[in-house]
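What follows is the residue order along each chain.
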Amino acid sequence: MDFATIAGSFQIMDAVWLALALIGAGAIAGFLAGLFGIGGGAVLVPVLYQFLTILQVDESVRMHISVATSLAIIVPTSLRSFMAHKRRGAVDLDLLRSWLIPLPLGVVVASLLAAYVSGAELKGIFAVLALVLGLRMLFDKRGAKIADDIPGFPIRPVCGALIGFFSTLMGIGGGVMNNTFMTLYGRPIHQAVATSSGTGVLISIPGTIGLIWAGWGSDYLPPFSLGFVNLLGVALIIPVTILMAPLGVRVAHATSRRKMELAFGAFLLVVSARFFASLAGF
């Protein structure tokens, strides 16, 4: 067997292991999408970033590709999760209707900014917000809240726009933001989770389109990229996330509020630690 044949076999094995890892990440992301209403982005972004690092994709676009591809994958996952929660009557449709303009507006602004933000800055945003939200979930035993119900204008649309803005830069479906927003205003965690699947729809679709535009013609993009969205990652992960999301929904409706908060908080802290470590060079 000559050297070229051996090298080719190693490349095939690398591709197989990469595909299996992406499928595993999709299974976890889909389950978490249904469980927490997060769209799976908080899992997908660090996982995709790690794979792009192994593949030696240029650092200048690595985080952008992770964020954009995550949002593209979230589109069908959020739709599937939203429909499952909606059938159970758990979604606050009035809140989603009031965010039909503010949420996508925040997404558009973030997409315009993404072309000029560095990978390190994107990682920093992700890590800080995940840390704050994770600590809040872990230590808020009494269910702290600001008020008994969600306010109207102007606080509601402003919060919606901010959720869309920061979620797009993090590559997530807005669940981590919306869960905190709704519970701080007295809504039960199960309703917050269900409604978050709807914010994922309102964020991921315009976010994907915006980041395709933002990355169009960029240097150092890997093969199968459409702007910052990598189509190979999307094709491998989407089918698995769609299958796993309903399982997460069933678990969410059978789990106590406190257990969900503890699991969600621990998950966010792990993600935050991973990105802080990356920024520190570990």
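In case you missed it, the structure is sitting above this.
What you are looking at is a predicted structure, and each value in this text was computed from that prediction instead of being measured. (Residues numbered from 1 in each chain as written. Predicted model: local features only at pLDDT ≥ 70, side-chain atom pairs only at ≥ 80, totals over all residues. Heavy atoms only, no water.)

**Comments concerning the overall build of the chain**
Looking only at helices and strands, the chain has 11 helices and two strands in total. Counting from the amino terminus, the chain carries its helices and strands in the arrangement α-α-α-α-α-α-α-α-α-β-β-α-α. Taking all 282 residues of the chain together, the buried fraction comes to 52%. Total accessible area computed for the chain in this model is approximately 12500 Å², and 72% of it derives from carbon and sulfur atoms. (Helix = DSSP H or I, 4+ residues; strand = E, 2+ residues; numbered from the N terminus. Buried < 20%, exposed > 50% of the residue type's maximum accessible area, 1.4 Å probe, protein only. Areas by Shrake-Rupley, 256 points an atom, 1.4 Å probe, with all protein chains shown as cover.)

**Observations regarding the environment of Ala235**
Inspection of the secondary structure assignment puts Ala235 in helix H10 (residues 231–252). The exposed category is assigned to Ala235, whose relative accessible area is 53%. Distance in space between the C-alpha atoms of Ala235 and Ile73 is 8.5 Å, their sequence separation being 162 residues.

**Some points on the nonpolar core**
The biggest cluster of nonpolar side chains holds 71 residues, and the ones touching the most others in it are Met63, Phe126 and Phe267. Element by element, the count of residues in this core is highest for helix H3 (residues 59–87), at 10 residues. For Phe126, the residues in contact, after removing those within four places along its chain, are Gly41, Ala42, Val45, Pro46, Met63, Met170, Ile172, Val271 and Phe275. (Core = buried A, V, L, I, M, F, W, Y, C linked by side-chain atoms within 4.5 Å. Contact = heavy atoms within 4.5 Å.)

**Brief notes about H10**
The end-to-end C-alpha separation of H10 is 30 Å, in line with the 32 Å expected for 22 residues at 1.5 Å each. Along H10, the sharpest change in direction is near 35° and occurs at Ile237; proline Pro239 comes one to four residues later. Every buried residue of H10 is listed here: Gly233, Val234, Ile237, Ile238, Val240, Thr241, Ala245, Pro246, Gly248, Val249 and Ala252. Its side-chain oxygen 3.3 Å from the backbone nitrogen of Leu232, Asn230 forms the N-cap of H10. (Expected span 1.5 Å × (residues − 1). Bend = angle between axes of the 7 residues up to and from the residue. Polar contact = N/O pair within 3.5 Å; in protein donor to acceptor, adjacent residues only side chain to side chain.)

**Structural notes on the packing of aromatic side chains**
Per the counting criterion, the structure on display carries three aromatic pairs. Judged by centre distance (5.4 Å) and plane angle (45°), the rings of Trp99 and Phe181 are tilted. A residue pair is termed long-range when its members are at least 10 positions apart, and Trp99 in the loop between helix H4 (93–98) and helix H5 (102–114) and Phe181 in helix H8 (residues 175–184) qualify at 82 residues. The pair formed by Trp99 and Phe181 is uniform in burial state, with each residue classed as buried. Of the aromatic side chains, those joined through ring pairs into one cluster are Trp99, Phe181 and Tyr185. Seen from the ring of Tyr49, Arg62 lies directly overhead, with NZ or CZ sitting 5.6 Å from the centre. (Phe/Tyr/Trp six-rings, centres within 6.5 Å; stacked < 30°, edge-to-face > 60°. Lys NZ or Arg CZ within 6 Å of the ring centre and 35° of its normal.)

**A look at a nonpolar patch on the surface**
Together, Val128, Leu131, Val132, Leu135, Phe139, Phe276 and Leu279 make up an exposed nonpolar region whose accessible area comes to about 600 Å². Every element with two or more residues in the nonpolar patch is listed here: helix H6 (119–139) and helix H11 (257–279). With five residues, the top contributor of residues to the nonpolar patch is H6. Mapping Leu135 onto the fold places it in helix H6. Residue Leu135 is classed as partly exposed on the basis of its relative accessible area of 36%. (Patch = residues over 30% accessible without salt bridge, like charges linked within 9 Å, V, L, I, M, F, W, Y side chains within 5 Å. Salt bridge = Lys/Arg side-chain N within 4 Å of Asp/Glu carboxyl O.)

**Considering H5**
With 13 residues, H5 extends 18 Å between its outermost C-alpha atoms, agreeing within 8% with the 18 Å of an ideal straight helix rising 1.5 Å per residue. Considered for burial, the residues of H5 that qualify are Pro102, Leu103, Pro104, Gly106, Val107, Ala110, Ser111 and Ala114. Buried residues in H5 make contact with H3, H4, helix H7 (155–170) and helix H9 (189–214).

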